[in-house]
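Residue strings, one per chain:
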Amino acid sequence: MLKDKVALVTGSTSGIGLGIAQELAKAGAHIVLNGLGDAGEIERVRAEMAAIQQVQVIYVPADLSQPDQAAEMVHAAGRALGRVDILVNNAGIQFVAPVEEFPAAKWHQILAINLSSNFFAMQAAIPGMKSRGWGRIINIASAHGLVGSPFKSAYVAAKHGVLGLTKVAALELAQTGITVNAVCPGYVRTPLVEGQITDQMKVHGLSREAVIRDVILGSQPNKRFVEVA
Ligand code: NAD
C-alpha cells in the first residue's frame, strides 16, 4: 500500500523519526529526511537507507524553528520527488525549568519546533494531497499532549496544541481522502530523553537512578522505556 508513496518525516536524523523513516522505506515509500546533525553522518544514513531499501531518499535541511522553512521544506520535497503523500511531523525538543525561570527564548523555540512547524508543514502539504484525493498526516505528540508534568511548561503546552491542531485538521479534511492523526508515546529511549535525565536531576535534586525510576518511568505502567527498534 505504501509502495512509491513519498513520505516526509521531520526530525528524522535521530530517534523516533529515524525509526519511522526506516520503517516507511522498508514498506516501499520514498523518503524525505529532515533534521539537524553532522552532515557526513546524515549522508551516510541517507545513502544506506536508499541502497538497502531500494527507494529514493533525499535530505532537506530545514531548520524548523523558522516558520517559513517548514513550508519551503515541503515545497523542496515536492520539487525533488514530485509530491508529498505522507507527512510525519515528528521534530521536537525539550527543556525543563520552573515556569518562573523558563527562558523566553526556549519557550519560543519549543513552540516553533514542536507546534508551529506542524501547522506550516501541513498548510503546505494539504493542497497537493487534496488534488490527488489521498494523504496521511501523522503528528507525533506525546503523553504530554494529554497530561502535564512539572517543569515542562513549553513542551506540554505545545503537545496539547498539537492534539488540538490535529483534531481541527482531521475534521476539515474528513471528506477529502486525507487522514490526520496524532500519536502520544510514553517515554522512548532516544537522545531527547537521555538529555532530559541530567536536566531533571538538577531541577528535582535527585540521583540519575531516582530520576529514571520515580520521574521518568513513575507513571509509565510497565516501568520500561519504549525502544525505537
Ligand atoms: P531526538 O532528539 O532523538 O530527535 C529529534 C529530532 O528532531 C532530531 O532529528 C533533531 O535533529 C530534530 N530537530 C530538533 N530541532 C530541529 C529543528 N530546529 N529543525 C529540524 N529538526 C529539528 O528525539 P525523539 O525522542 O526521537 O523525539 C521525536 C519526537 O517524539 C519529538 O516530537 C518528541 O517530543 C516526541 N516524543 C518523544 C518521546 C520520548 O520519550 N523520546 C515521548 C513522546 C514524544
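Thresholds, definitions, all that
- Residues numbered from 1 in each chain as written.
- Predicted model: local features only at pLDDT ≥ 70, side-chain atom pairs only at ≥ 80, totals over all residues.
- Heavy atoms only, no water.
- Domains from an automatic or database assignment.
- Contact = heavy atoms within 4.5 Å.
- Buried area = accessible area lost by both parts, 1.4 Å probe.
- Salt bridge = Lys/Arg side-chain N within 4 Å of Asp/Glu carboxyl O.
- Nonpolar A, V, L, I, M, F, W, Y, C, P; charged D, E, K, R; others polar.
- Helix = DSSP H or I, 4+ residues; strand = E, 2+ residues; numbered from the N terminus.

Focus: the domain arrangement of the protein
Splitting the protein by domain gives domain 1 (6–185) and domain 2 (189–229). Here the C-alpha centroids of domain 1 and domain 2 sit 24 Å apart. With 12 residues of domain 1 at the contact, the number on the domain 2 side is nine residues. Interface of domain 1 and domain 2: buried area, both sides summed, is about 800 Å²; carbon and sulfur atoms make up 76% of it. A per-residue breakdown of the area domain 1 buries against domain 2 is headed by Gln 94, Val 96 and Phe 151, which together make up 46% of the total. Where domain 1 meets domain 2, there are zero salt bridges. When the residues that make up the side of domain 1 that touches domain 2 are grouped by side-chain class, the tally is six nonpolar, five polar and one charged.

Description of the environment of Glu 41
The residue Glu 41 is located in helix α2 (residues 39–53) in this model. Taking the C-alpha atoms as reference points, Glu 41 and Thr 13, 28 residues apart in sequence, are found 8.9 Å from one another.

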